[in-house]
Amino acid sequence: MRDLLTPIPDGHYELKSFSTDEGQSVVTAFAVFHGTQSGPGPADPPTGKTVAADYVYAMQFDGDRIQHMTKIWNDAHSLQQLGWA
């Protein structure tokens with residue numbers, strides 16, 4: 001995510017939901033990433049286009065440590081919004 005802020009310096013997320021399933025030791029976070037390509041990146045000059053991308057992190061815990069994490073995200077849709085694909 002850090003490198004994404006070079007082409008999209010105003011990138012930020014809007015947390016929509018955060019949940020825990022203690023029985024399964026799973027935590028999920030659903031958010032929307034927002035930003036505009038105004039910095040250097042795949043498109044030069046910057047496209048000035050915006051992105052609003054839903055994503056979910058599903059984290060399986062072992063005690064207080066993340067054992068496994070999956071990010072669910074439609075990357076093709078996000079790249080199209082930005083004019084990169």
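J.: Sorry, what's going on with the overall build of the chain here?
T.: Helices and strands together make up the secondary structure of the chain, namely one helix and four strands. Along the chain, helices (α) and strands (β) appear in the sequence β-β-β-β-α when read from the amino end. A compact globule built from 85 residues would reach a C-alpha radius of gyration of about 12 Å, whereas the chain, at 15 Å, exceeds it by more than 25%. Each principal axis of the C-alpha atoms in the chain carries an extent, and together these give about 50 × 20 × 20 Å. For the chain, the proportion of its 85 residues judged to be buried stands at 20%. Across the chain, contacts joining residues at least 24 apart in sequence account for 46% of those joining residues at least 6 apart. The average position of the 5 basic charges and that of the 10 acidic charges among the side chains of the chain differ by 5 Å.

J.: Is there a simple way to explain the sheet that holds strand β2 (residues 26-36) in this structure?
T.: Through backbone hydrogen bonds, the strands of a sheet pair up, either in parallel or in antiparallel fashion. With respect to topology, four strands assemble into an open sheet ordered β1-β2-β3-β4, the strand pairing being antiparallel. Of all the strands in the sheet, just β1 (12-21) and β4 (65-73) have a single pairing partner and so form its edges. Strand-to-strand twist in this sheet, taken as the mean axis angle between neighbours without regard to direction, amounts to 20°. Pairing of β2 with strand β3 (residues 50-62), which is carried by eleven bridges, proceeds in the antiparallel orientation. The residue of β3 that forms the bridge with Ala31 is Tyr55.

J.: What's the story with the side chain of Ser78 in this structure? I'm lost.
T.: With respect to the secondary-structure elements, Ser78 resides in helix α1 (residues 75-82). Given a relative accessible area of 5%, Ser78 falls into the buried group.

J.: Even after reading the chapter, I still don't get the pattern of salt bridges, so can you show me in this structure?
T.: Once the charged atoms of two side chains with opposite charge are near each other, the side chains can pair. Applying the stated rule across the entire model yields one salt bridge. A salt bridge links Glu14 to Lys16, with the nearest nitrogen and oxygen atoms 3.1 Å apart. On the basis of relative accessibility, which here comes to 33%, the residue Glu14 falls in the partly exposed class. Residue Lys16 is classed as partly exposed on the basis of its relative accessible area, which comes to 46%.

Conventions and cut-offs
- Residues numbered from 1 in each chain as written.
- Predicted model: local features only at pLDDT ≥ 70, side-chain atom pairs only at ≥ 80, totals over all residues.
- Heavy atoms only, no water.
- Helix = DSSP H or I, 4+ residues; strand = E, 2+ residues; numbered from the N terminus.
- Rg over C-alpha atoms; globule rule 2.2 N^0.38 Å.
- Buried < 20%, exposed > 50% of the residue type's maximum accessible area, 1.4 Å probe, protein only.
- Contact = heavy atoms within 4.5 Å.
- Lys, Arg positive; Asp, Glu negative; His and termini not counted.
- Charge placed at Lys NZ, Arg CZ, Asp CG, Glu CD.
- Pairing = 2+ DSSP bridges.
- Axes fitted to C-alpha atoms, helices over the stretch in contact; angles between N-to-C directions.
- Salt bridge = Lys/Arg side-chain N within 4 Å of Asp/Glu carboxyl O.

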